Amino acid sequence: MTFVQVALDVPLPRLFDYRADDASVADIGRRVTVPFGSGTKTGLIVGIAEISDQPPEKLKPAEAVLRDMPPLPADWLALCEFCGRYYQHPLGQVMAFALPPMLRKGKLPKARKPKVSRGETPPDAVMPALLPEQQAAVEAITLARGFETFLLHGVTGSGKTEVYLRAIDVVLAAGKQALMLVPEIALTPQLEQRVSERFPGAHIVSAHSGIADAARARGFLDALEGRADIVLGTRLSVFLPLPHLGLIVVDEEHDASFKQQEGLRYSARDVAVFRAKQRDIPIVLGSATPALETFHHAISGRYHLLELHHRAVAEAPPVVRTIDTRREKLQDGMSAALIEALAERLARGEQSLVFLNRRGYAPVLACPACGWVSRCRRCAANMVLHLADKRLRCHHCGLEAGIPRACPDCGNQDIHPFGRGTQRLESALSERFPEARILRIDRDSASTPKKWQALLAAIHAGEADLLIGTQMMAKGHDFPRLTLVGVVGADAALFAADFRAPERLFAQLMQVGGRSGRHDLPGEVLIQTEYPTHPLYRALVDHDYAAFARTQLDERQMAGFPPFSFQAMLRAEARDMSQSLDFLAAARDAAVLLAGEAVALYDPVPMRLARLKNLDRAQLLVESQSRPALQTFLTAWNTRLHELKAPRELRWHLDVDPAEY
Ligand code: ADP
Ligand code: ZN
Ligand code: ZN
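Nothing here was measured: the structure is a model prediction, and the numbers come from that model. (Residues numbered from 1 in each chain as written. Chains lettered and ligands numbered in written order. Predicted model: local features only at pLDDT ≥ 70, side-chain atom pairs only at ≥ 80, totals over all residues. Heavy atoms only, no water.)

> What's the story with unusual backbone geometry in this structure? I'm lost.
Most peptide bonds adopt trans geometry, and most residues besides glycine take a negative phi value. Across the junction of proline 562 and proline 563, the peptide omega takes the value 5°, indicating a cis bond. Turning to its location among the elements, proline 563 is positioned in the loop between helix H15 (545-559) and strand E24 (566-574). The residue aspartate 280 is not glycine, and still its phi comes out positive at about 55°. Relative to the assigned elements, aspartate 280 resides in the loop between helix H8 (268-279) and strand E11 (282-287). Despite not being glycine, aspartate 657 has its phi angle at roughly 55°, a positive value. Since its relative accessible area comes to 19%, aspartate 657 is described here as buried. (Helix = DSSP H or I, 4+ residues; strand = E, 2+ residues; numbered from the N terminus. Buried < 20%, exposed > 50% of the residue type's maximum accessible area, 1.4 Å probe, protein only.)

So this is what it looks like as structure tokens:
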């Protein structure tokens, strides 16, 4: 009798055996429909056996092995197995996640559009002559024999993308496929265009969550069947099967969006490195502000560091200065120096950007008489005042409410907004500069890709003098007439509880500063701060990422934080904080014997955002100096966790290499 071992999309860390007498080893990696519970499910065959652990009479027959597409290759299955093991996630759920929804459901996309004949390919786009450092980088990458991880470190505009394109060119010429990961493809159509202009004859597949189901499935099949030359996509594209993969590029490798914060909590960058190793090919991680983990590997020699020190086009980097706001009375949150600099740009017909990473009008509405504040009733958070559409809105759960006319507690009519968001800055600036054309760019004004495109087009067309933006403005855009970036309200991140906050702030400010002066006009960055001598700001003024990274790494080493230790987080959420904490306490008890000397167990504590959508959340950190020790522990612990008794509505998950605390 023949059995197939099937990975199913269920939250259990096991496989399911079914009888399938017509199946053979050639069916490993194929989809199969099987009876499950009272219905049927589609899963993937990951093994074939003649004997099952289960008594044969108990095993049900599989309904059908789907042979309408090629089986997923062994290395793809191994990649999913690695992710399941490493991230402590059931294999069936990893595979379900890695497959496009349509294929996961056992369907196939309708017949493809007739394949465009490549015919005569248009002449290759003109390539600029490489600068010496670019040349050296391209040579190192293309001469790599087998697996090697490169960190391409260079400021925005130093020509990193040009290096990727050259390396991809070599890979395509050798008949291989290239995979390029970018943080948010919806924000980077410029890149898509640049790639397709450079490789007019190549079949480029885009993969991201914004792509319609059928197209996504088709892209997956194109990759699987070797038709795709280049896959360009967000984190999920790291799971596309690529039989002839020759190179992986991860652009903006430090970007937080590479880490998924739900379900399979994977880091696409780390999975990409695993994949390059598995396939024995080079991988390039590129950034102006590498993740400290990555930089640590680069200076300790594990990764090959390639540096681009100069901008490729504009000669000078922007001048960065701090404005000491300790002794100044600010007007609408802005210093006299910043206002003057904005006025100067307006007079010269140049664009400015004021960067404030907080959307809405004000972070909270409050009653000075009784102390009432606009709390969200579902979260341990304040509702943010949005004057533009006259709402209070919780940025964590989306709950909305009207703006009360008077204090709901004491009836006081004189309630005030406290603090400052982009909308408030926008209205202050339009009062101060009534003649200026002002655009606000944040998740509210750019709520759809279409609106975002329209905003970008308006900026490019020179239809705005003054931009007010959140971190949305930091990413990869090139605005020729933008010469001033003012930064307000950044200090809070210096002292945040999350040890990664300074790293993120530095990256953000460096990126947003890089928006200014990218062409013939010199750029200037003004940072308002009460801590002008803080090493983070000093390093920005000096354009010295390495200095910043080294001080941060020293601090982390002393504190024993990653990359000098490895962490995992167990989180639980339930109706009551005591339920969450009790579960974690039981989990900790179960861990004590498994942990041994090598793994440290912390105490269960409420999360920083302790209540979200009516659920009380707590977490338990585990840490080790040894990655293998942590992995061994987690595997054993995970099994025990599935056996623990918990209130029915309690949810828990493990997050390996957590990015948020
Ligand atoms: P990054 O990816 O580091 O931001 P890009 O590769 O986008 O940098 O390069 C920035 C700009 O400089 C682009 O307009 C690009 O076309 C141009 N560029 C890059 N390399 C060269 C070069 N060697 N000679 C001339 N222009 C270049
Ligand atoms: Zn009141
Ligand atoms: Zn809420």
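> Please explain the coordination of the zinc ion (ligand 3) as it appears in this structure.
Working reference: metal with six octahedral donors, ideal angles 90 or 180 degrees; metal with four tetrahedral donors, ideal angle 109.5 degrees. Donor atoms from the polypeptide that coordinate the zinc ion (ligand 3) comprise Cys376 (SG), Cys379 (SG), Cys394 (SG) and Cys397 (SG), at 2.3 to 2.4 Å from the metal. If you look at the zinc ion (ligand 3), its four donor atoms make angles of 106 to 115° with each other, and the shape they trace is tetrahedral. Linear spacing of the donor residues for the zinc ion (ligand 3) on their chain is C-x2-C-x14-C-x2-C. Each member of the pair, cysteine 394 as well as cysteine 397, carries the same accessibility label: buried. (Donors = N, O, S within 2.8 Å, 3.2 Å for Na, K, Ca; no water. Tetrahedral: all angles 85-135°; square planar, octahedral: opposite > 155°, others 65-115°.)

> Even after reading the chapter, I still don't get the nonpolar core, so can you show me in this structure?
Taken as a class, soluble globular proteins show a tendency for nonpolar side chains to be buried jointly. If you look at the biggest cluster of nonpolar residues, it comprises 118 residues, and the most contacted ones within it are Trp76, Leu509, Phe633 and Trp637. Tryptophan 637 has contacts with Leu570, Ala587, Ala590, Ala591, Leu594, Leu620, Val622 and Leu654, leaving out every residue within four places of it along the chain. One finds Leu130, Ala137, Ala144 and Phe150 within the second-largest nonpolar core, a separate group that totals 29 residues. (Core = buried A, V, L, I, M, F, W, Y, C linked by side-chain atoms within 4.5 Å. Contact = heavy atoms within 4.5 Å.)

> Just checking my understanding: could you explain helix H10 (residues 336-348) for this structure?
The periodicity of an α-helix, 3.6 residues per turn, causes residues three or four positions apart to be oriented the same way. In this model H10 runs 18 Å from its N-terminal to its C-terminal C-alpha over 13 residues, within 8% of the 18 Å that 1.5 Å per residue would give. If you check which residues of H10 are buried, you get Leu338, Ile339, Ala341, Leu342, Arg345 and Leu346. In an axial view of H10, the angular spread of the buried residues amounts to 160°, which keeps them on one side of the axis. Along H10, the residues that are exposed and aim more than 90 degrees away from the buried face are Glu340 and Ala347. Against the buried residues of H10 lie strand E13 (319-324), strand E14 (351-355), helix H11 (422-432), strand E21 (466-469), strand E22 (482-487) and strand E23 (524-529). Just beyond H10, the residue with positive phi is glycine 349, at close to 75°. (Expected span 1.5 Å × (residues − 1). Arc of directions from axis to C-beta.)

Worth remembering: the numbers are spatial, not functional.
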